[in-house]
Each structure stands twice: as structure tokens, then as C-alpha cells.
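Commentary on secondary and tertiary structure
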Amino acid sequence: MVFLGVDIGLISAVISQNFGWRIVYTVLGGFGIGMAPIVGLTVWDPYIKREINAKTEQKKNYSVLEVIKHIFKEKYMIMVFISCAIRFTGGYSLGVWMQVFYRRVFGLTPTQITAWLAVIIPVCGMSGAYTGGFLADYLHKKIRGGKAILVTISCFLGLLTSIPAFLYPDYKLSFAFLALSFFTAEMWNGPALSIVCDQAKPGMVSSVTAIFYSIGSIGSVGPFILGFLIEQFKIIPPFHHANNAGYDPTYPMLIMVSGNYFLSFVGFCVASILMNNSTTETFCGYLTDYRNLPKNS
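Residues numbered from 1 in each chain as written. Predicted model: local features only at pLDDT ≥ 70, side-chain atom pairs only at ≥ 80, totals over all residues. Heavy atoms only, no water.

Moving on, we come to the overall build of the protein. The secondary structure content of the protein amounts to 12 helices and two strands. Within the protein, the proportion of its 297 residues that are buried is 41%. Long-range pairs, those at least 24 residues apart, make up 77% of the contacts in the protein between residues at least 6 apart in sequence. Counting only carbon and sulfur atoms, one obtains 67% of the accessible surface of the protein, whose full area is about 16300 Å². (Helix = DSSP H or I, 4+ residues; strand = E, 2+ residues; numbered from the N terminus. Buried < 20%, exposed > 50% of the residue type's maximum accessible area, 1.4 Å probe, protein only. Contact = heavy atoms within 4.5 Å. Areas by Shrake-Rupley, 256 points an atom, 1.4 Å probe, with all protein chains shown as cover.)

Attention now goes to the packing of aromatic side chains. The description of an aromatic ring pair rests on the distance of the ring centres and on the angle between the ring planes. Under the defined criterion, the tally for this structure stands at 18 aromatic pairs. A centroid spacing of 5.7 Å and a plane angle of 25 degrees characterise the contact between Tyr102 and Phe106, whose relative ring orientation is stacked. Pair noted here: Tyr102 and Phe106 are both in helix H5 (residues 75–106), with a separation of four residues, about one helical turn. With respect to class, Tyr102 is no different from Phe106; both count as buried. (Phe/Tyr/Trp six-rings, centres within 6.5 Å; stacked < 30°, edge-to-face > 60°.)

Helical geometry note: an α-helix holds 3.6 residues per turn, so side chains three or four residues apart project in the same direction. With 32 residues, H5 should cover 46 Å at 1.5 Å per step; its first-to-last C-alpha distance of 45 Å lies within 8% of that length. Along H5, the sharpest change in direction is near 50 degrees and occurs at Trp97. Gly107 occupies a position one or two residues after H5 and carries a positive phi of about 70 degrees. (Expected span 1.5 Å × (residues − 1). Bend = angle between axes of the 7 residues up to and from the residue.)

Once that is clear, we can look at the state of the cysteines. Applying the stated rule across the entire model yields zero disulfides. Looking at the unpaired Cys155, the closest cysteine sulfur is the one in Cys84, lying at 8.4 Å. Judged by relative accessible area, Cys155 falls into the buried class, the value being 2%. Free of any disulfide, Cys269 has its nearest neighbouring cysteine sulfur in Cys155, separated by 8.9 Å. On the basis of relative accessibility, which here comes to 25%, the residue Cys269 falls in the partly exposed class. (Disulfide = S-S within 2.5 Å.)

Right, here's the structure in full:
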């Protein structure tokens, strides 16, 4: 659904450009007011069943420190969180600057850019996220550390497809590779969050999810760093409009997007190795230590 939200933002920009921002606020505001009571009356948190001491554990209240100590007792979890922060940095950088990239490098109008992105982001983003979740569940049943392996592959494929998206001189081919990049790169989020939540006891899941996205918010510095790099490189773009002066973001985007995809790929590789070598594994939110299991188990 996040991708639909981005789509609405892109379409709203076009409407605002042609009809004014008041129309956008009126339409979206009315839609939000109409949806509020529907969501409030029909959506609720599902009851999560746990196989081991669920009722007892669900009643416990854990402090933030207790949650953090539990989550980071395994070394691979530290690498997972570091890699997630790096991956979010690349994703935020791409999300904020990709319209500027197509405007300055290819000279496309905002309407043209929106027409492409309005299809690429929701279609490739949602299908990639669903595919990633499906494959992660499948690999998790077949291979120890399968979810981490899937996230690693996602970052690697996102890296490979993002480079030609920035470097191809034809905007149609660039958008084609951007679509592939969205599909492959967006496989990572759900499985990565699942790895983190698997480590949580009942009663910790909400706090662990909050920690995951709080660390992910570190990625919001990415667009600022990318803007700084663009100003430092000072490359004149092919389409340098007098009323839209700015520098070419191509190579800074390679550094901040493709570069962070590469770093997160390396980080998740290390996490996969550490997870595979770990003597513990989660079972219904609990750590099972294989060293303490009977030999016939």
C-alpha cells in the first residue's frame, strides 16, 4: 500500500500543476474523512497465537532496554539492522531524487515523468514486495537463514539493475531498468522485517517493529547527502533550463543509490553467514538453543 501512496503523491503533483493545490487538498481531504470511519469500524489487530507459553508471555510488559537486549543478543541481528539502515538510505535517495534525475538528464516534463512512475512504482513495487515475501517463506522452509539469503539476493539484483537505469542514454530503456530495479530491490523489506520479528517474544513484536522502522528512518539523511554531493560534483546536465538551474545528479545517485545497495548486499551477506553459523534459531518467537536439545530431537 505504501507504493499506492507514492502513486497518489505523483498524480497529486500533476493535478496541482494544472488545477492548483487547493483541488488536491480538497479531494484527498474528503477521501481521508470518508475512509476514517470505515477503517475505524472494520480494521482490528488479529490475535496472534503462540505455541509456547503464549498466554503467560503476552501478559508481560517489556521495557525498551529489555527488548533491545533480547533482539541484539545474536550478532547477526546487529548486521541485519546496520544493513537495513544502509538499504533505507539508498531507497530514500532514489525516491526523492528520481524525478529530478529524469527532468535534468532527459529533459522530460513533470507530466511525462509522472506517467511512467505512476505505473512503475505501484506495479513493480507491489509485485516485487509480494514476490519477496513468497520466496522468503519458501526459502525459510528449505534453507537455514533463507530469509536473509533472499534479502541479500534482492539487494544484489537491485544493484545490477539500478546502474543501467542511471547510465543508459535513452529514457525508455532507463525507465525499463528502473522498473526492474523496483521489482528486485523491493523484495527486501518484508523478509527483513520478518527476520527481526522472528527474534521477538510475544509482547515484543510491536516494539521490535518500531525499532526496525526507527533505525530505518536513518535513511532519511540519504537525500540530503545526495543533494550535497550533487552540489560538490557540479556537473552541468544535458538539459539545463535557465529557470530550472541545477546540476546533473547521475553520478551522485550512482554513489548514494547503487553504492548503498552494494553496501547493504555485503552487510546481508555477512548476516546470512552469521545466521547460518548461529547455534540458536527462533521458534514461535523464542530462541531455541541447539546445544541444549536432546540428541534425538
